[in-house]
Amino acid sequence: MIHALHGNFGLPSDWDAALPPGVPAQAWHLWEIRRHHPEARTLTGFATWFNNQVAALTDNGPRILAGYSLGGRLALHVLLDQPELWHRALILSTHHGLTHAAGRIERLTHDARWRGHCLTAAWESVLHVWNTQAVLSGPSQPHAARITEPWRNEIADAFEGWSLGQQQIDPARLGQLPVPGVWMTGTNDPKFCALARSAMEILPSFHFQTIPQAGHRLLSESPHAIQSCLKELAT
């Protein structure tokens, strides 16, 4: 069964076109999880909670973990928390962690500003600023404000609890991860291509794959390439 995690400001429906037909799959709702399960509001807390939920499910076939961007960072924590639970993984457009304490402190400050903006500004303004970031440039259409605004508080608080500044993945532990998988980026996303190549230097169980002419938002820009990859991972 495929377990899929969406990105920031996203929803489970982002995975609709990327999940292969005929393969059992569940796209999880990160904001519902944050709202109803306070124990999952940190990166490590999410990993423990999520693995417990998946382990309790009765499903046949291999367990495949797929995560995009924020969901990819959460997926890395899930894999490291209980690697024996997972058979394969797909990581999309993901940052595997900042290497220096100063960079993490800077990111925490940056994300605290985003949290405040999410809580106080008009939601249309929040989405406009988010979607006009250079890294997110491309043809994809983001969700309408009315779709994500009900989750405003959960999205805001994720900038604190799930901040990249909170992420401290030990490269040695990552390098020992036994779960095989694919780390995928778009060729028009140079920042995350470079991050993926850096991750490959310490993660021998994964291989790096790029999607030509795609940017950061792979779920909307290249769903068929992801679908094909997941189908292969699930067999």
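All of these numbers come straight from a predicted model, not from anything done at the bench. Within each chain, residue numbers correspond to sequence positions counted from 1 in written order. pLDDT decides what is reported in this predicted model: residues at 70 or higher carry local features, side-chain atom pairs at 80 or more are listed and counted, and totals for whole chains, interfaces and linings draw on all residues regardless. For the side-chain quantities, the full set of heavy atoms in the structure was used; hydrogens and water were omitted.

### A word on the nonpolar core
Only buried Ala, Val, Leu, Ile, Met, Phe, Trp, Tyr and Cys residues count toward a nonpolar core, and they belong to the same one when joined by side-chain atoms within 4.5 Å. Relative accessibility decides the category of a residue: with a 1.4 Å probe and only protein chains considered, values under 20% of the type maximum give buried, values over 50% give exposed, and everything between is partly exposed. Membership of the largest hydrophobic core comes to 51 residues, with the highest contact counts inside it found for Phe 9, Phe 46 and Phe 50. Secondary structure elements follow DSSP: runs of H or I of four or more residues count as helices, runs of E of two or more count as strands, with numbering from the N terminus. Looking at this core, the elements that each hand over two or more residues are α1 (30-36), α2 (43-56), α3 (70-81), β4 (88-92), α4 (101-120), α5 (123-131), α7 (152-161) and α9 (190-200). Considering each element in turn, this core owes the most residues, seven residues, to α3. Contact between two residues is taken to exist if any of their heavy atoms lie within 4.5 Å; hydrogens are not considered. Not counting chain neighbours up to four residues away, the residues in contact with Phe 50 comprise His 3, Leu 5, Trp 28, Leu 65, Val 78 and Trp 86. By size, the runner-up hydrophobic cluster in this structure holds 21 residues, among which are Tyr 68, Ile 211, Leu 218 and Ile 226.

### As for the pairing of strand β1 (residues 2-5)
On a regular strand, one side chain projects to one face of the sheet and the next to the other, so that they alternate. Here β1 shows no split at all, with Ile 2 and Ala 4 on one side and His 3 and Leu 5 on the other all buried. Between any two strands, at least two bridges found by DSSP are needed for them to pair. Across four bridges, the pairing between β1 and strand β2 (residues 25-28) is parallel. Directly across from Leu 5, in β2, lies its bridge partner Trp 28. Relative to strand β3 (residues 64-68), β1 is paired through four bridges, and the arrangement is parallel. Paired with Ala 4 across the bridge in β3 is Ala 66.

### Examining the environment of Leu 219
Along the polypeptide, Leu 219 turns up in helix α10 (residues 218-221). Of the residues examined, Leu 219 reaches a relative accessible area of 6% and is grouped as buried. For the pair Leu 219 and Trp 15, spaced 204 residues apart in sequence, the C-alpha to C-alpha distance is 6.4 Å. The contact partners of Leu 219, leaving out residues within four places of it in the chain, are Asp 14, Trp 15, Ala 18, Tyr 68, Leu 92 and Ile 226.

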